[in-house]
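Per-entry structural report
The primary structure of each chain is shown beneath.
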Amino acid sequence: MLSGKHILLIISGGIAAYKSLELIRGLKKSGASVRCILTKGGSHFVTPLSVIALTEEAIYDDLWSLKDETEMGHIRLSREANLVVVAPASANIIAQMAHGLAEDLASTTLLATNRPVMICPAMNPMMWQHSATQENIDTLRNRGIQIVMPTDGAMACGETGTGRLREPEEILEEVTKYFQQNKPL
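Small disclaimer: the values here were computed from a predicted structure and weren't measured.

1. Overview of the pattern of salt bridges
Considering all chains together, one arrives at nine salt bridges under this definition. When the shortest N-O distance is used, the salt bridge between lysine 177 and glutamate 174 registers 3.3 Å. A residue pair is termed a helical-turn pair when its members lie 3 or 4 positions apart in one helix, as lysine 177 and glutamate 174 do in helix H9 (residues 168-181) at three residues. The class for lysine 177 is partly exposed, based on a relative accessible area of 32%. You can call glutamate 174 partly exposed: its relative accessible area is 24%. Several salt bridges converge on common partners, so that one network encompasses Arg35, Glu57, Arg76 and Glu80.

2. Let's talk about the sheet that holds strand E1 (residues 6-11)
Pairing in this open sheet of six strands is parallel, and the strands run E3-E2-E1-E4-E5-E6 from one edge to the other. Edge positions in the sheet fall to strand E3 (59-60) and strand E6 (146-147), since each of these pairs with one other strand and no more. Contacting E1, strand E4 (83-89), strand E5 (117-121) and E6, H9 runs over the sheet at an angle of about 160° to E4.

3. A look at the packing of helix H1 (residues 18-29) against helix H2 (residues 48-55)
Viewed as axis vectors pointing N to C, H1 and H2 meet at an angle of 10°, and their least axial separation amounts to 9 Å. Here H1 lies roughly parallel to H2, going by the angle between them. In contact with Leu21, Ile24, Arg25 and Lys28 of H1, H2 contributes Ser50, Val51, Leu54 and Thr55. The class makeup of the residues in the contact of H1 with H2 is four nonpolar, two polar and two charged.

4. Comments concerning the packing of aromatic side chains
Summed over all chains, the structure comprises one aromatic pair. Geometrically, the ring pair formed by tyrosine 178 and phenylalanine 179 is edge-to-face, given 5.0 Å between the ring centres and 75° between the ring planes. Here the two residues tyrosine 178 and phenylalanine 179 agree in accessibility, since each one is buried.

5. Some points on unusual backbone geometry
Of the consecutive residues alanine 87 and proline 88, the connecting peptide bond is found in the cis state with omega at 0°. The topology assignment puts proline 88 in strand E4.

The rules behind the values
- Residues numbered from 1 in each chain as written.
- Predicted model: local features only at pLDDT ≥ 70, side-chain atom pairs only at ≥ 80, totals over all residues.
- Heavy atoms only, no water.
- Salt bridge = Lys/Arg side-chain N within 4 Å of Asp/Glu carboxyl O.
- Helix = DSSP H or I, 4+ residues; strand = E, 2+ residues; numbered from the N terminus.
- Buried < 20%, exposed > 50% of the residue type's maximum accessible area, 1.4 Å probe, protein only.
- Pairing = 2+ DSSP bridges.
- Contact = heavy atoms within 4.5 Å.
- Axes fitted to C-alpha atoms, helices over the stretch in contact; angles between N-to-C directions.
- Parallel < 35°, antiparallel > 145°, perpendicular 65-115°, else oblique.
- Nonpolar A, V, L, I, M, F, W, Y, C, P; charged D, E, K, R; others polar.
- Phe/Tyr/Trp six-rings, centres within 6.5 Å; stacked < 30°, edge-to-face > 60°.

This is the structure in structure tokens:
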């Protein structure tokens, strides 16, 4: 299904980051190659070693890495992907994207990319409903960013509502649909 496709997966902070590991497995099983940028927040929920083991690639987590940035890592990463997927996309990274901030490797890469971007929001229901978040989502949608909307359900914080990250299989389905709809003639 995804043979020959290169996915850049950005894992931002939030308890839902654990689902990104299953997403990596699904993408790889479908034939895609996967590289990952792990944000500082994301690394509190999944370990670099887990991501490396599943992707069979180095992880990228430091904008100021002498090794990676001498090769213009954030530019190279953004250009070598067929699709950039942010899963989970925290309220913070969504706000950075909407406001054009480049504060770390993930946000800098997102600002530098000329590739299509798909985000998969995940956050507390009140954060999701907040007018600032909804305005940021509208801004990104108007810029052509694909949004895999969160679902309803029980949250790790004990609350219930909209904000749950879609299941990895559903995100994989959205990635597959993207490539099926955007085939060259």
